[in-house]
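For reference, the chains in residue letters:
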Amino acid sequence: MLFRILLSALLTCVYVQFSYADHREINLKTWEFSRDNVHWYTVKIPHDWAIRGPFDKKWDLQNVAITQNGETEKTEKSGRSGALPWIGEGIYRYHLRQTDLKSRHATLCFDGAMSEPTVYVNGQKAGYWAYGYNAFRLNITLFLHEGDNLIEVHLKNMEESSRWYPGGGLYRPVTLVITDKARIDTWGTYIRTVSADSLKAVVSIDMKTLEFLQGSRFVVDITNKYGYHVQKSCPVDLKGEGRIIFHVTRPKLWSPETPYLYKVRVKLIADKEGKPNVVYDEQLLNYGVRIIDITKEHGFRLNGVSRKIKGVCLHHDLGPLGAAVNKAALIRQIRILKDMGCDAIRTAHNMPSSLQMEICDSMGMMVMAESFDMWVYPKCKNGYARFFKEWSDRDIMNLILNHRNHPCIIMWSIGNEIPEQWSKEGVDISKHLQDLCHSLDPSRMVTQGMDRPDEALASGFAQIMDVPGFNYRVHKYDDNIRKLPQGFLLGTETASTVSSRNVYKFPVKVTDNAVYSDGQCSSYDTEYCSWSNLPDDDFSMQDHPWIIGQFVWTGFDYLGEPTPYDEYWPSRSSYFGICDLAGIPKDRYYLYRSVWNTNSHTIHLLPHWTWTDRIGKITPVFCYTDYPTAELFVNGKSQGRISKSRDGRLTKYRLCWNNVVYEPGELKVVVYDIHNNKAGEKRIYTAGIPHALKIDVDRDVIQADGNDLAFITVSMIDKSGNEVPTSQDELNVKVSGQGSFKCICNGDATNLQSFVEPKMKLFNGKLVIAVQSSMKKGKIKVNITDAANKKITKSVSIKTE
Ligand code: GAL
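Being a predicted model, the structure only gives us computed values, none of them experimental.

The rules behind these values
Residues numbered from 1 in each chain as written. Predicted model: local features only at pLDDT ≥ 70, side-chain atom pairs only at ≥ 80, totals over all residues. Heavy atoms only, no water. UniProt positions renumbered as here; feature names shortened; annotations may be inferred. Helix = DSSP H or I, 4+ residues; strand = E, 2+ residues; numbered from the N terminus. Near = heavy atom within 4 Å. Polar contact = N/O pair within 3.5 Å; in protein donor to acceptor, adjacent residues only side chain to side chain. Areas by Shrake-Rupley, 256 points an atom, 1.4 Å probe, with all protein chains shown as cover. Nonpolar A, V, L, I, M, F, W, Y, C, P; charged D, E, K, R; others polar. Domains from an automatic or database assignment. Contact = heavy atoms within 4.5 Å. Buried area = accessible area lost by both parts, 1.4 Å probe. Salt bridge = Lys/Arg side-chain N within 4 Å of Asp/Glu carboxyl O. Pairing = 2+ DSSP bridges. Axes fitted to C-alpha atoms, helices over the stretch in contact; angles between N-to-C directions. Buried < 20%, exposed > 50% of the residue type's maximum accessible area, 1.4 Å probe, protein only. Parallel < 35°, antiparallel > 145°, perpendicular 65-115°, else oblique. Left-handed = near helix turned anticlockwise from the far one by under 90°. Phe/Tyr/Trp six-rings, centres within 6.5 Å; stacked < 30°, edge-to-face > 60°. Lys NZ or Arg CZ within 6 Å of the ring centre and 35° of its normal.

**Quick word on the UniProt feature "domain: Glycoside hydrolase family 2 catalytic" (unreviewed entry) in the protein**
Mapped onto this numbering, the UniProt entry gives "domain: Glycoside hydrolase family 2 catalytic" (unreviewed entry) at residues 297–451. The span residues 297–451 carries 37% helix and 22% strand; its end-to-end C-alpha distance comes to 26 Å.

Here it is, written out as structure tokens:
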């Protein structure tokens, strides 16, 4: 092995000694912030000005008919965009001390700013971007001077501009990049795998400079942590461009299961003032060698292997952290999803953050990167339709140039449920945007989520897409595929089943329009919307070879869109999530896990078994498991041994005992494999009164960087250690040592308690607290106490290093 590495190094490389010019990337972290230009606060970005609340139905109160949901009459919608104060203006100021600007170039890079950012440098307008979700770069060189400089960002959020919670502010990083005037155009670098198998990969790298330098060249190093190193160079041509083709032997291919990354270092080199081999600029990227194709014959293939996409849609908010992007929170989300067997995320319905894409690269999560929720016809009064004509090409361009080197991204999406599906104009726009994507990135296919299959197929809208994507309406898939020349289709959005963690409604009904007086949905996973369906319906359809996969709506609950309680106050966040807003798995998580996670077994029982008002009443019991057969026992009495069956809507993927009569005590399930051998069991018990707190910390050690988070899941338990699923006790939180309280959330879509006050009621026995490290190494001590019974208290210590 070592011999091969050395030999390949000798054959392909001439290593050169370089001297370095200055390239600096400054993360502009600490800003002054004001909502009124009078009162100013110091804030650290990423920052979301609205997440502190308070919740109030008056924020973005809308009197509308949601036409996508089939509504024709206007009604009051209170929590549609989260009932948080994100509307209005905000100003951020950064004081920058800059010296030695001679022959330097300054680029200000925004990864997104919510929204309509206008940027001023020393009082002069340096730029503007319309869309809050997109990355953009400004050349601010001419606006800077030696000494003190002031960067100001003005943001404006209009009412009725979003169908969900967008957040407000500089919610993603802002970076100042100082380079020589002769520099690499970082978005001009385009790495793609031309071909790959286990023996050899061909990787092509295109590069661009800005400001041409006579005699300059690009030098590219590719390395991996297993000792691979290869270097090649090429001259910069008269257009300022260059291309290098690498032949990588025995490549370590990227996939969700093997997220191998290579480091690609691009250097721009020339002689300077008599000094040879000066590095004028340098760019470092992670790259995953992998190849994708989608065909009628093989469906979706990654590295030549067919697989179904097991995806979820995600909005960008991180529950109680709001829109402010956070590495630890994103990593936690992906860990939870991967354990469910999920291998893909659709960034609904907008451009993702760079941080999220980096994490998906390194943890192994495929991505459909989306762009728009509307084009010319508005879905809400002040939405992106205001900008589409003028901005959409620029927005697609920035999406792709910013993200096309991420191996995790497997396709681009140009829209979600665009109203123009039936029209010639819609077909033209689709074609135009898809061609634009191809011109910027010929290596990926393009899709969009269509919710009106009949119209989209009649107009030709669906037929022109690389990947026809359909939202819901699974009963039409069979008909759709007959009209599609592509020979395959994708479930761009599926299920939209609704549930609230640990809430069970009786009698159990499969229904598309259930609402209850408590503003909750049943966790039996039998309730959905008029346009949607059950997870089971999607699973069944996925058996067809021409379906390349699905993206479930949604992986986690999100702020806003509290369907089916759009008109019910105080509902202010979604019920669609497989996990709740705090990131706690609902029952549905285990249903998906039982089908998707093929590496470890699932045995999950529902409902909980702690009822005071159900003694003697029919209380159906479901088991979500990958095993085909199981026997259920209530206090040792068999309720029957049953197997999954091919027929029946609820019996193909779940084991349901519909006539169990509740009695307190023990509920036990014994599962059997296909050979009828006992394979495992699971027991749950009726809980006693609240006695203690159980704590699960997602990480015992976090980084002392002032940013890292530990997530603490708190559960109420009884004397015997059983979780008490009915406890709604309020908990108080105290944090001391090298960290601070960050936020708290219980996953209840109707809870109006603040996410940023260190106290909250449990929702059905559980909540989640996040604590943040300081910059000092040491310990964070967290103490949690029941407000009504101080004897119920628990402390935990988290190390920071
Ligand atoms: C879809 C839409 C999503 C969300 C979902 C709720 O039609 O694309 O944004 O609204 O419905 O079911």
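Right, picking up where we left off after that structure.
**Here's the deal with the site of the ligand**
Around the ligand, a shell composed of Arg-163, His-349, Asn-416, Glu-417, Asn-471, Tyr-472, Glu-493, Ser-496, Trp-531, Trp-553, Glu-561 and Phe-576 is seen. The side chain of His-349 places a nitrogen or oxygen atom 2.6 Å from an oxygen atom of the ligand. A distance of 2.4 Å is found between an oxygen atom of the ligand and a side-chain nitrogen or oxygen belonging to Glu-561. For the ligand, whose accessible area on its own is 310 Å², the fraction buried by protein is 98%. Taken together, the residues that form the shell around the ligand break down as four nonpolar, four polar and four charged.

**Looking at the UniProt feature "domain: DUF4982" (unreviewed entry) in the protein**
On the UniProt side, "domain: DUF4982" (unreviewed entry) is annotated at positions that read residues 616–676 here. Taken end to end, residues 616–676 comprises 0% helix and 46% strand; its first and last C-alpha atoms sit 32 Å apart.

**Re the domain arrangement of the protein**
Accessible area lost during the coming together of the parts is what is often quoted as the interface size. Split by domain assignment, the protein resolves into domain 1 (24–178), domain 2 (183–287), domain 3 (306–496 + 531–558) and domain 4 (692–800). Of note, the centres of domain 3 and domain 4, computed from C-alpha atoms alone, are 35 Å apart. At the interface, eight residues of domain 3 touch 12 residues of domain 4. Of the roughly 830 Å² buried where domain 3 meets domain 4, counting both sides, 64% is carbon and sulfur surface. Between domain 3 and domain 4 we count zero residue pairs in polar contact (both at pLDDT 80 or more) in total. The residue makeup of the side of domain 3 that touches domain 4, split by class, is four nonpolar, two polar and two charged.

**Observations regarding the pattern of salt bridges**
One pass over the structure, following the stated rule, counts 47 salt bridges. Measuring nitrogen to oxygen at the nearest pair gives 3.9 Å for the salt bridge that ties Lys-381 to Glu-159. Placement of the pair is Lys-381 in the loop between strand S27 (366–369) and helix H4 (388–403) and Glu-159 in the loop between strand S12 (147–157) and strand S13 (174–180), with a sequence separation of 222 residues. The salt bridge involving Lys-766 is made with Glu-723; its shortest N-O contact spans 3.0 Å.

**A word on the sheet that holds strand S25 (residues 309–314)**
An order of S25-S26-S27-S28-S29-S30-S31-S32 is seen for the eight strands of this closed barrel, with the pairing classed as parallel. Direction aside, the axes of adjacent strands within the sheet are offset by 25° on average. Helix H3 (residues 354–363) contacts S25, strand S26 (344–347), S27 and strand S28 (409–416) of the sheet and is inclined by roughly 165° relative to S26. Docked against the sheet, H4 engages S27 and S28, running at close to 165° with respect to S28.

**A word on the environment of Asp-718**
Position of Asp-718 among the secondary structure elements: in the loop between strand S42 (709–717) and strand S43 (730–737). Through-space distance from the C-alpha of Asp-718 to that of Ala-692 is 6.3 Å; in sequence the pair is 26 residues apart. At a separation of 2.8 Å, a polar atom in the side chain of Asp-718 contacts the main-chain amide nitrogen of Gly-688.

**Details of the sheet that holds S43**
Pairing between sheet strands relies on hydrogen bonds along the backbone, with the strands arranged either parallel or antiparallel. Taken in spatial order, the five strands of this open sheet run S41-S48-S47-S43-S45, and their pairing is mixed. Here the strands that pair on one side only, and so sit at the sheet edges, are strand S41 (701–702) and strand S45 (759–761). The pairing of S43 with strand S47 (residues 778–786) spans seven bridges and is antiparallel. Among the inter-strand pairings, Val-733 is bridged to a residue of S47, identified as Ile-784.

**Thoughts on the environment of Gln-124**
Mapped onto the secondary structure, Gln-124 falls in strand S10 (residues 124–128). The class for Gln-124 is partly exposed, based on a relative accessible area of 44%. Spatially, the C-alpha atoms of Gln-124 and Leu-150 are 9.9 Å apart, while their sequence positions differ by 26 residues. Residues contacting Gln-124, with those up to four places away along its chain left out, are Val-119 and Phe-143.

**Here we look at the packing of helix H2 (residues 327–340) against H3**
Put simply, H2 and H3 touch, their axes get as near as 10 Å, and they point 40° apart. Comparing their axes, H3 and H2 come out oblique. For H2 against H3, the interelement crossing comes out right-handed. Facing Lys-327, Leu-330, Ile-331, Ile-334, Arg-335 and Lys-338 of H2, the residues of H3 in contact are Leu-355, Gln-356, Ile-359, Cys-360 and Met-363.

**A short note on the packing of aromatic side chains**
Any pair of aromatic rings gets described here by the distance separating the centres and the angle formed by the planes. The tally for this structure, following the rule as stated, stands at 34 aromatic pairs. Seen in terms of ring centroids, Tyr-524 and Phe-622 are 5.1 Å apart; in terms of plane orientation they differ by 65°. Their pairing is edge-to-face. Here Tyr-524 is found in the loop between strand S31 (489–495) and helix H8 (535–542), whereas its partner Phe-622 is found in strand S34 (residues 621–625), with 98 residues between them in sequence. Residue classification places Tyr-524 among the buried residues on the basis of a relative accessible area of 0%. With a centroid separation of 5.7 Å and an interplanar angle of 80°, the aromatic rings of Trp-553 and Tyr-558 are classed as edge-to-face. Comparing Trp-553 with Tyr-558, the two get one shared label, buried. Ring pairs connect the aromatic residues Tyr-131, Tyr-133, Phe-372, Trp-375, Tyr-384, Phe-387, Phe-388 and Phe-461, which therefore count as one cluster. One residue, Lys-252, lies across the ring of Tyr-260, its end atom 5.0 Å from the ring centre. For the cation-ring pair, Arg-394 lies above Trp-391, with the distance from its terminal atom to the ring centre recorded as 3.9 Å.

**Quick word on unusual backbone geometry**
Of the consecutive residues Ile-45 and Pro-46, the connecting peptide bond is found in the cis state with omega at 5°. Tracing the backbone shows Pro-46 in the loop between strand S4 (41–44) and strand S5 (62–64). Going from Phe-506 to Pro-507, the amide bond is cis rather than trans, its omega being -10°. The topology assignment puts Pro-507 in the loop between S31 and H8. A positive phi angle is found at Asn-635, which is not glycine, with a value near 45°. With respect to the secondary-structure elements, Asn-635 resides in the loop between strand S35 (629–634) and strand S36 (637–643).

**With respect to the side chain of Ser-715**
Tracing the backbone through its elements, the reader meets Ser-715 in strand S42. Classification of Ser-715 as buried rests on a relative accessible area of 1%. Polar contacts involving the side chain of Ser-715 include one to the side chain of Lys-766, which spans 2.9 Å. Sequence-distant contacts of Ser-715, defined by excluding residues within four places in its chain, comprise Ala-692, Leu-693, Lys-694, Glu-723, Gly-765 and Lys-766.

**Focus on the pairing of strand S46 (residues 766–773)**
For S46, the buried fraction is high: eight of the eight residues fall into the buried class. Neither face of S46 is open: one carries Lys-766, Val-768, Ala-770 and Gln-772, the other Leu-767, Ile-769, Val-771 and Ser-773, and all of them are buried. Bridging between strand S44 (residues 739–745) and S46 involves six bridges; their strand directions are antiparallel. Each residue of the ladder has a partner; that of Cys-743, found in S46, is Ala-770.

**Looking at the environment of Thr-785**
Checked against the element boundaries, Thr-785 lands in strand S47. For the pair Thr-785 and Ser-255, spaced 530 residues apart in sequence, the C-alpha to C-alpha distance is 44 Å. In contact with Thr-785, other than residues within four places in its own chain, are Glu-730, Leu-731, Asn-732, Lys-790, Ile-792 and Thr-793. Polar side-chain contacts of Thr-785 include one of 3.0 Å to the side chain of Asn-783.

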